[in-house]
Amino acid sequence: MQFQEIMSMDPMFPPRARKCASSLYTCAKKVSTRLLVQFINSSMYEREQSVRKVRKYIRQSLPAVILTDILSSMVPVPSDKWRFPCAATLDRLHCKMHPECELVYGRLDRVIRVMFSEDISQVSINLKTVNIDLYKQVIASLTGVMTKLPSRPFPLLTSLVVCGGSVHSDDIITRIEELCEVLKDFAGNIENLHLPVASNLSLRSVSDIRRIRSLRADRTKAFNKRGLYHLCHPESHSRAGLQVLHLGVFKHTHFEKQDVAEFLKCMKNLLEFSLLDSDRALVRLDGSCTPGDKVLTYSVFKRAMRDTEESASIRGQIGPHLLATNLRAMSVVDRSLKPHYILESASLLHRLSIDWQQELSFPPFNRFKSTWFTDMMKGQSWVTLSKRLTRLDITFPAAYSINSYSLPLEDYTRLMQNLANLEELRLVGAGQGGPIPLMPTLQYCPKLRDLVLEKCPVHVPDNYEVVDQRFVSHSLKRFFYLGEMSSLLVHDFMMRGISHYMPALTELEIQPQTVLGYCGLRPDQVLELSSLMHLEKLSLPLSIRECIMNLPQIIFVLREFPSLRFLTLSWGMWCESYDISRGKISYMMAWLFNALGAENANIHLELSYKQHPREFCNFV
């Protein structure tokens, strides 16, 4: 970028991009939160009488909606990745970058004892960000608050999310069972429940929760078909009310697909159901299929169809008798999809996920033909099904192993030509044999709102003198291009292509598989995105080489973004020692943070956790 270009830019952030004076509510919430955190970290918390006084005071002084808001601000929500990139981690992490994360890691049980009450409507916790030694205390604090005398109901509590289940959370299954029993008795209005681990006893209690609609368990222990029987029992509330069910069932000797098929036939109101198939173990070397193998949802669906037909023939009924479900979404993992099965028995389905390993088409497995996906797309049943889809998620075999199927161009054209109603598309491992064209995807899917491409080389045009309006998408709001470096290295004009063909974007994330060995984007490339008038959230890899000696240039570039509010950066690092220094990254982030603050810019700056995990401090 030339000196003249820099000097022609705005000398300050425009008024619309600066922070406004904080509202009285925001100021009061910050002060209240700070006082509560000080009490939680002080020695006064050790006195039970002090805890009771604080709880009573805040409940008398603050309405329920504000109490829930304060609790949410103290405990980072896993879904808020733009404020806390570390909150949704899949690894155990002790983050020392955010004071909120420090509080959660070592004091979450105290936070719950002080803040959790019958006025709270939502609670969300990720155990991966909590000290393992606190797991039992965290669950016990939830149970203890709900059962303390004088006992009161929790009618406002509608959502309880305790995610981050792992082998370490299996040890607290007894506490989880106690919590579910308490929820049944005191929180009958809860609709969304997410548990780190579940068992037969916990599902027995959940089945009696009056308004349960959604249930997810990351793992299962002491679990078999009896747990499913509790959920579908004729006298249970879950049989009629449960609409979304995801259970992490991986390997249980006494858990077979015929048991799950019976469950599926009973649950007439189920809209989504899975056994977290995508988290299965990859190919086993011996190729055996013994009792206790992973039960897959699509196999259960086909077994339920067959059982329905066989039972009708046994009873001597005449005519076709097909399984009828109310499913809206389905995952097909490590199996070959037969679209006519879905058209017959899941006619309302409009969200589909496909994920398979090519090794399963070879000996000793031989579960399907290696060309099944290509052959399927040639059939009329797929054409009919694909026209109904609003969300499609496909993970190709190339995502797991090299030289595997990765959607060649001919199959790409056949796949996309019937997806006119698609609103969300995610492709993983496509285009490894040859890049897929990015802009025609927008033409094939005129209603597309979300586009996610992972490990997918793409081709973008390099001539923008004339922009073909047929390929411009005014509906696309979110675009994520992840895990791919070759296209970023080859196409210098990718940012320009995004700005021309995706003008309505509000959220954009572009991150390679790793920043090691990648140069990063130059400031002039980032400037190309400033024409996106509605862009609020941006995640990019910047070049250390281009920025380290001219950080003010980044501020000049950011001034040109009219609507940017959240910025997450990673830093492309070559192999030279000055590029990979941790101190350099910390220094540059601190400089940018202070510079944005000095200009009163309304931009929340964060460092990418995926690319720079060490900066968030040591893994546990």
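Residues numbered from 1 in each chain as written. Predicted model: local features only at pLDDT ≥ 70, side-chain atom pairs only at ≥ 80, totals over all residues. Heavy atoms only, no water.

Caption draft 1: Summary view of the overall build of the protein chain. Each helix and strand counted, the protein chain has 23 helices and 18 strands in total. Scaling as 2.2 N^0.38, a compact globule of 620 residues should have a C-alpha radius of gyration of about 25 Å, and the protein chain matches this with 27 Å. In terms of overall dimensions, the protein chain has a C-alpha envelope of 85 × 70 × 40 Å along the principal axes. The buried share among the 620 residues of the protein chain stands at 53%. Long-range contacts, defined here as pairs at least 24 residues apart, represent 76% of the contacts in the protein chain between residues at least 6 apart. Just so you have it, the protein chain exposes about 27800 Å², and 53% of that area is on carbon and sulfur atoms. Both charge centroids of the protein chain, one from 74 positive and one from 63 negative side chains, sit 6 Å from each other. (Helix = DSSP H or I, 4+ residues; strand = E, 2+ residues; numbered from the N terminus. Rg over C-alpha atoms; globule rule 2.2 N^0.38 Å. Buried < 20%, exposed > 50% of the residue type's maximum accessible area, 1.4 Å probe, protein only. Contact = heavy atoms within 4.5 Å. Areas by Shrake-Rupley, 256 points an atom, 1.4 Å probe, with all protein chains shown as cover. Lys, Arg positive; Asp, Glu negative; His and termini not counted. Charge placed at Lys NZ, Arg CZ, Asp CG, Glu CD.)

Caption draft 2: Structural view of the pattern of salt bridges. Tallied over the full model, the rule gives 34 salt bridges. Note that Asp119 and Arg59 form a salt bridge whose closest N and O atoms lie 2.8 Å from each other. With Asp119 in the loop between α5 (99–115) and β1 (122–126) and Arg59 in helix α3 (residues 48–61), this residue pair connects regions lying 60 residues apart in the sequence. A salt bridge links Glu454 to Arg426; the shortest N-O distance between them is 3.1 Å. Taken together, the residues span a long stretch of sequence, with Glu454 in strand β12 (residues 450–454) and Arg426 in strand β10 (residues 424–428) at a distance of 28 residues. Three or more residues joined by partner-sharing salt bridges are found here, namely Arg391, Asp393, Glu423, Glu424, Arg426, Arg449 and Glu454. (Salt bridge = Lys/Arg side-chain N within 4 Å of Asp/Glu carboxyl O.)

Caption draft 3: Spotlight on the sheet that holds strand β17 (residues 566–572). Taking strand neighbours across the sheet as the criterion, the 10 strands line up as β7-β8-β9-β10-β12-β14-β15-β16-β17-β18 in an open arrangement whose pairing is parallel. What marks the edges here is a single partner per strand, and that holds for β7 (329–333) and β18 (604–607). Along the sheet, successive strands turn relative to each other by an average axial angle of 10°, direction set aside. Note that β7 and strand β8 (residues 351–355) share 5 bridges and pair parallel. Bridging from a neighbouring strand, Ser331 pairs with Ser353 of β8. Contacting β14 (478–482), β15 (507–511) and β16 (537–543), helix α19 (residues 494–501) runs over the sheet at an angle of about 160° to β15. (Pairing = 2+ DSSP bridges. Axes fitted to C-alpha atoms, helices over the stretch in contact; angles between N-to-C directions.)

Caption draft 4: Local environment of the pairing of β17. With 7 of its 7 residues buried, β17 lies for the most part within the structure. Of the two faces of β17, the one carrying Phe566, Thr568, Ser570 and Gly572 and the one carrying Leu567, Leu569 and Trp571 are both buried. Sheet topology places β16 next to β17; 7 bridges connect them, and they run parallel. Looking at β17, one finds that Ser539 is bridged to Thr568. Where β17 and β18 come together, 4 bridges link them in parallel fashion. Directly across from Phe566, in β18, lies its bridge partner His604.

Caption draft 5: Quick look at the packing of aromatic side chains. As enumerated under the stated definition, the model contains 19 aromatic pairs in all. Joined through ring pairs, the aromatic side chains of Trp356, Phe368, Trp372, Phe373, Phe396 and Tyr405 make up one cluster. The side chain of Lys537 reaches across the aromatic face of Phe566, ending 5.8 Å from its centre. Lying across the ring of Phe556, Arg559 places its NZ or CZ 4.6 Å from the centre. (Phe/Tyr/Trp six-rings, centres within 6.5 Å; stacked < 30°, edge-to-face > 60°. Lys NZ or Arg CZ within 6 Å of the ring centre and 35° of its normal.)

Caption draft 6: The packing of helix α6 (residues 135–147) against helix α7 (residues 173–186), seen in detail. α7 packs onto α6 with a crossing angle of 25° between their chain directions and a minimal axis gap of 10 Å. Classified by the angle between their axes, α6 and α7 sit roughly parallel to one another. The two elements α6 and α7 meet at a crossing, and its hand is left-handed. Each of Lys136, Ile139, Ala140, Leu142, Thr143, Met146 and Thr147 in α6 lies in contact with α7, whose residues at this interface are Arg175, Ile176, Leu179, Val182, Leu183 and Phe186. Split by residue class, the contact of α6 with α7 holds 9 nonpolar, 2 polar and 2 charged. (Parallel < 35°, antiparallel > 145°, perpendicular 65-115°, else oblique. Left-handed = near helix turned anticlockwise from the far one by under 90°. Nonpolar A, V, L, I, M, F, W, Y, C, P; charged D, E, K, R; others polar.)

Caption draft 7: Up close: the nonpolar core. Counting 185 residues, the largest nonpolar core has Leu352, Phe373, Phe479 and Trp571 as the members making the most contacts within it. The leading source of residues in this core is α5, at 8 residues. (Core = buried A, V, L, I, M, F, W, Y, C linked by side-chain atoms within 4.5 Å.)

Caption draft 8: A look at the state of the cysteines. Tallying each qualifying case throughout the model produces 0 disulfides. In this structure Cys101 is not part of a disulfide, and its nearest cysteine sulfur, from Cys86, lies 3.5 Å away. (Disulfide = S-S within 2.5 Å.)

Caption draft 9: View of the packing of α5 against α6. At a minimum axis distance of 8 Å, the contact between α5 and α6 shows a crossing angle of 10°. Here α5 lies roughly parallel to α6, going by the angle between them. Contacts between α5 and α6 involve Leu108, Asp109, Ile112 and Arg113 on the former and, on the latter, Gln137, Val138, Ser141, Leu142 and Val145. When the residues that make up the contact of α5 with α6 are grouped by side-chain class, the tally is 5 nonpolar, 2 polar and 2 charged.

Caption draft 10: Here's a closer look at unusual backbone geometry. At the junction of Leu149 and Pro150, the peptide bond is cis and its omega measures out at -5° in the coordinates. Within the fold, Pro150 resides in the loop between α6 and β2 (159–163). Backbone torsion omega between Pro363 and Pro364 reads 5°, so that peptide bond is classified as cis. Positioned with a positive phi, Ala222 is a non-glycine residue whose angle comes to about 55°. Looking at Ala222, the relative accessible area reads 57%, which means it is exposed. We note that Leu276 has phi near 50°; this positive angle belongs to a residue other than glycine. Mapping Leu276 onto the fold places it in the loop between β6 (272–274) and α12 (297–314). Judged by relative accessible area, Leu276 falls into the buried class, the value being 8%.

Read these as geometric descriptors, not functional statements.
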